[in-house]
Amino acid sequence: GENVEQHPSTLSVQEGDSAVIKCTYSDSASNYFPWYKQELGKRPQLIIDIRSNVGEKKDQRIAVTLNKTAKHFSLHITETQPEDSAVYFCAAGGNTDKLIFGTGTRLQVFP
Amino acid sequence: DSGVTQTPKHLITATGQRVTLRCSPRSGDLSVYWYQQSLDQGLQFLIQYYNGEERAKGNILERFSAQQFPDLHSELNLSSLELGDSALYFCASSVGESNQPQHFGDGTRLSIL
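Caption draft 1: Spotlight on the overall build of chain A. Of the regular secondary structure elements, chain A holds zero helices and 11 strands. Starting at the N terminus and walking to the C terminus, you meet the elements of chain A as β-β-β-β-β-β-β-β-β-β-β. Here chain A has a C-alpha radius of gyration of 13 Å; the compact-globule value for 111 residues is 13 Å, and the two agree. Along the longest, intermediate and shortest principal axes, the C-alpha atoms of chain A span 40 × 30 × 20 Å. When burial is assessed residue by residue, chain A has 45% of its 111 residues classed as buried. In chain A, the share of contacts with a sequence separation of at least 24, taken over all contacts with a separation of at least 6, comes to 54%. As displayed, chain A offers around 5400 Å² of accessible surface, 46% of which is attributable to carbon and sulfur atoms. Distance from the positive charge centre (12 side chains) to the negative charge centre (13 side chains) of chain A: 4 Å.

Structural data, given as structure tokens:
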């Protein structure tokens, strides 16, 4: 069935370093890939999304890349700051009406 | 503020009881999605409604049901509650039927004693 795997489950980086989170999906019909950031006790917030007709998308310090052949996509955060510390979820959406979420990555940015 | 309103924010009840969670989508959004998030877990999709009709179902228990009303607000009903139902329940809304950005409400924290 549909599945999204996300790695790593935890990630610790020094402030100013880059962080990369990777996801793979199983449904080849998937064509929409959003990323959400969830701070402790708060709601998930959409930070960036990409569609299958695009290979890369950037928004300031955040970028997402998509490799449809390999069925994987990644989130890149550059120049990390302590306020980037949160749980990040990837998701994949296809021809059905639901998003399948990854299991989350807990990112800690140390000053 | 996402524009999605969920009430109540917190709910404490006992096993065997029944509760109703409410969600008002962002203005103009026709789709409503319900998710369950247990402690330190991911987001489990429960069910989606689009313009009043059920569109997609996830791993929703038979004890749970939902509906979307003509004014597009939605309610999630949880019955015969068990300790394991304690979780954060999020509602999200989007403009269309699928593959549109989903905006989440602040959630309802349900605690079963």
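Caption draft 2: Up close: the packing of aromatic side chains. If you walk through the whole model with that rule in mind, you get 12 aromatic pairs over all chains. Where Y35(B) meets F104(B), the ring centres are 5.3 Å apart and the plane angle is 35 degrees; that geometry is what we call tilted. Within this pair, whereas Y35(B) is found in strand 4 (residues 31–37), its partner F104(B) is found in strand 10 (residues 103–104), the two being separated by 69 residues in sequence. Residue classification places Y35(B) among the buried positions, given a relative accessible area of 0%. For F104(B), a relative accessible area of 1% translates into the label buried. Each ring, one from F64(B) and one from Y89(B), has its centre 6.5 Å from the other, and the planes form 75 degrees; the classification is edge-to-face. Pair noted here: F64(B) is in strand 7 (residues 64–68) and Y89(B) is in strand 9 (residues 87–94), with a separation of 25 residues, a long-range link. Taken together, Y36(A), F101(A), Y35(B), F45(B), F90(B) and F104(B) form an aromatic cluster joined through their ring pairs.

Caption draft 3: Quick look at the interface of chain B and chain A. Contacts between chain B and chain A engage 24 residues on the former and 19 residues on the latter. Taking both sides of the interface into account, the surface hidden between chain B and chain A amounts to around 1800 Å²; carbon and sulfur atoms contribute 51%. Counting the surface chain B buries against chain A, the share from its top three residues, L43(B), N99(B) and F104(B), is 33%. Where chain B packs against chain A, one counts one salt bridge. Salt-bridge contacts for R43(A) lead to D106(B); the nearest nitrogen and oxygen are separated by 3.3 Å. Counting across the chain B and chain A interface gives three residue pairs in polar contact (both at pLDDT 80 or more).

Procedures and definitions
- Residues numbered from 1 in each chain as written.
- Chains lettered and ligands numbered in written order.
- Predicted model: local features only at pLDDT ≥ 70, side-chain atom pairs only at ≥ 80, totals over all residues.
- Heavy atoms only, no water.
- Helix = DSSP H or I, 4+ residues; strand = E, 2+ residues; numbered from the N terminus.
- Rg over C-alpha atoms; globule rule 2.2 N^0.38 Å.
- Buried < 20%, exposed > 50% of the residue type's maximum accessible area, 1.4 Å probe, protein only.
- Contact = heavy atoms within 4.5 Å.
- Areas by Shrake-Rupley, 256 points an atom, 1.4 Å probe, with all protein chains shown as cover.
- Lys, Arg positive; Asp, Glu negative; His and termini not counted.
- Charge placed at Lys NZ, Arg CZ, Asp CG, Glu CD.
- Phe/Tyr/Trp six-rings, centres within 6.5 Å; stacked < 30°, edge-to-face > 60°.
- Buried area = accessible area lost by both parts, 1.4 Å probe.
- Salt bridge = Lys/Arg side-chain N within 4 Å of Asp/Glu carboxyl O.
- Polar contact = N/O pair within 3.5 Å; in protein donor to acceptor, adjacent residues only side chain to side chain.

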